[in-house]
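What follows is each chain in one-letter form.
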Amino acid sequence: MEVIRERERERQMETLINCSRVVPKITSVSRPKFTNTQSLVSLVSRRASRAVIVAAVAVSAFSSMSYDKELAAAKKAASLAARLCQKVQKALLQSDVQAKSDKSPVTVADYGSQALVSFVLERELPSDSFSLVAEEDSGDLCKASGQETLQRITKLVNDTIVNDGSFSVPTLTMEDVLRAIDSGKSDGGSHGRHWVLDPIDGTKGFVRGDQYAIALALLDEGKVVLGVLACPNLPLASIGSNRLHSSHDEVGCLFFSKVGAGTYMQSLDGSSPIKVNVSTTDNSEEASFFESFEAAHSSHDLSSSIAKKLGVKAPPVRIDSQAKYGALSRGDGAIYLRFPRKGYREKIWDHAAGCIVVTEAGGVVADAAGNPLDFSKGKYLDLDTGILATNQKLMPLLLKAVRESLEDTPSSL
Ligand code: AMP
Ligand code: MG
């Protein structure tokens, strides 16, 4: 009889423990026998305390870290880089047709933006060991043929710093600029902290006079913990499918997010930040979607087939760069689709900042198989077929439509 009672107690206890999902199994210890209520309670409380500790450690690893000074530095860095890029884009758009076909303004702005971000982060966060994963390195600039470009970059970086007026530093030399650019030689990975930068995301849009972004994120132990997107040409008002060509919109947005703290947007001129949220629609027919302007970057045919399956009525909103993630985070549209050709390897700097901006605004970002993006594997994202983002209610429907469209046209990528 006593044996039966003891078994029953054991069974109840197992149920209790299994129901308490946050309580982790003690795997390394052999399963204890429960002989009386006191020992059962004591075991549960031990496991519960362990769970609390484990959960607390997990939480403290990311969200209890405030990352406040890192975020402030990232905002300042991206805003200054945006100013530099705006100046170059303005001159580029005013130049004659022949000068427009010259690639050097993009090169100058790309390197200048990277040098400036690197300079500001190192300056504002002097005690941290500095690791930056970024698109550019100074190889070409070090050659004799790169000297003139290097001079232009150095002047541009110095002018931007002087105009800002908040750094009391002597003028940067060309060597300082090369060193700042080459701080971006890190490979990232799953340990420690790494800044991730795309100095000009969407260079094709930059040259056309359209959208581009300065995209900066921080990885901590392989997780994106903050992100900033400076989008100098993005209207502050919605660019939903029927608003894209409004000529009265003030432009220049800065989106920023910190893990556990939401996403905010302010104007690049420095207005007060407002909290933004992704669209909450669960009606796929009214969910307009964003995709790349460049068909070479993402299959427009495939996204059109997906949109048809979802019954989307609005035409796609095609814009360059991670400005798409920014627009999605404030609910301008409800879906982001990206399907590069087979074999294309996505780089972490093309998605890290955009990903946290969307997830902290309540959205979900996943690959075509529904897996979250893993930024811990170095410079590249290792993912299945494409990248999708939407709200939590629409994601299951979207994944189904994607799967069916890929099955219908397996050679679409
Ligand atoms: P988007 O403006 O959203 O099309 O994305 C711009 C980014 O696409 C650039 O920063 C490039 O890193 C990346 N990119 C360049 N070539 C390709 C390609 N063939 N397929 C997909 N993405 C590409
Ligand atoms: Mg890019």
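Computed from a predicted structure; not experimentally measured. (Residues numbered from 1 in each chain as written. Chains lettered and ligands numbered in written order. Predicted model: local features only at pLDDT ≥ 70, side-chain atom pairs only at ≥ 80, totals over all residues. Heavy atoms only, no water.)

Caption draft 1: Expanded view of the pattern of salt bridges. For the structure shown, the criterion picks out 20 salt bridges. When the shortest N-O distance is used, the salt bridge between Arg 83 and Asp 164 registers 3.6 Å. With Arg 83 in helix H3 (residues 68–94) and Asp 164 in helix H7 (residues 147–164), this pair connects stretches of sequence that are 81 residues apart. Among the ionic pairs, Asp 220 bridges to Arg 193, the shortest N-O distance being 3.4 Å. Residue Asp 220 is located in strand E3 (residues 213–220), and its partner Arg 193 is located in strand E2 (residues 193–201); the two are separated by 27 residues in the primary sequence. (Salt bridge = Lys/Arg side-chain N within 4 Å of Asp/Glu carboxyl O. Helix = DSSP H or I, 4+ residues; strand = E, 2+ residues; numbered from the N terminus.)

Caption draft 2: Examining the environment of Leu 254 more closely. Note on placement: Leu 254 falls in strand E5 (residues 251–258). Through-space distance from the C-alpha of Leu 254 to that of Gln 266 is 5.3 Å; in sequence the pair is twelve residues apart. Among residues more than four places away in sequence, those in contact with Leu 254 are Lys 75, Ser 79, Val 228, Leu 229, Ala 230, Tyr 264, Met 265, Gln 266 and Leu 268. (Contact = heavy atoms within 4.5 Å.)

Caption draft 3: Summary view of the nonpolar core. One finds Leu 121, Val 157, Trp 195, Phe 206, Ile 214 and Leu 216 to be the most contacted residues of the largest nonpolar core, which totals 53 residues. Counting residues per element, this core draws most heavily on H3, which supplies twelve residues. Not counting residues within four places of it along the chain, the set of residues in contact with Phe 206 comprises Cys 85, Val 88, Gln 89, Leu 92, Val 106, Ala 109, Ile 200, Gln 211 and Tyr 212. By size, the runner-up hydrophobic cluster in this structure holds 39 residues, among which are Trp 349, Val 357, Val 358 and Ile 387. (Core = buried A, V, L, I, M, F, W, Y, C linked by side-chain atoms within 4.5 Å. Buried < 20%, exposed > 50% of the residue type's maximum accessible area, 1.4 Å probe, protein only.)

Caption draft 4: Looking closely at the confidence of the model for the chain. Per-residue pLDDT for the chain averages 85, and the proportion of residues at 70 or more is 82%. Every residue in residues 1–60 scores below 50 in pLDDT, and together they form 32 contacts with partners more than four places removed in sequence or on other chains. (pLDDT = per-residue confidence, 0-100.)

Caption draft 5: Examining the coordination of the magnesium ion (ligand 2) more closely. Protein coordination at the magnesium ion (ligand 2) comes from Asp 198 (OD), Asp 201 (OD) and Asp 350 (OD), with a distance range of 1.9 to 2.3 Å. If you list the donors of the magnesium ion (ligand 2) from N- to C-terminus, the spacing comes out as D-x2-D-x148-D. Neither residue differs from the other here; Asp 198 and Asp 201 are each classed as buried. (Donors = N, O, S within 2.8 Å, 3.2 Å for Na, K, Ca; no water.)

Caption draft 6: Structural detail: the site of ligand 1. The environment of ligand 1 is formed by 13 residues, the closest being Ser 292, His 297, Ser 321, Lys 324 and Asp 350. In the model, an oxygen atom of ligand 1 is placed 3.0 Å from a nitrogen or oxygen of the Asp 201 side chain. A distance of 2.7 Å separates an oxygen atom of ligand 1 from a polar atom in the side chain of Asp 350. Notes on ligand 1: free accessible area 500 Å², of which the protein chains cover 84%. If you map ligand 1 onto the pockets, it falls in the largest pocket. For the shell around ligand 1, a count of residues per class yields three nonpolar, four polar and six charged. (Near = heavy atom within 4 Å. Polar contact = N/O pair within 3.5 Å; in protein donor to acceptor, adjacent residues only side chain to side chain. Areas by Shrake-Rupley, 256 points an atom, 1.4 Å probe, with all protein chains shown as cover. 1 Å grid on protein atoms, 1.4 Å probe; cavity = no way out; pocket = protein on both sides within 12 Å on 5 of 7 lines; lining within 4 Å. Sits in = over half its atoms within 2 Å of the grid points. Nonpolar A, V, L, I, M, F, W, Y, C, P; charged D, E, K, R; others polar.)

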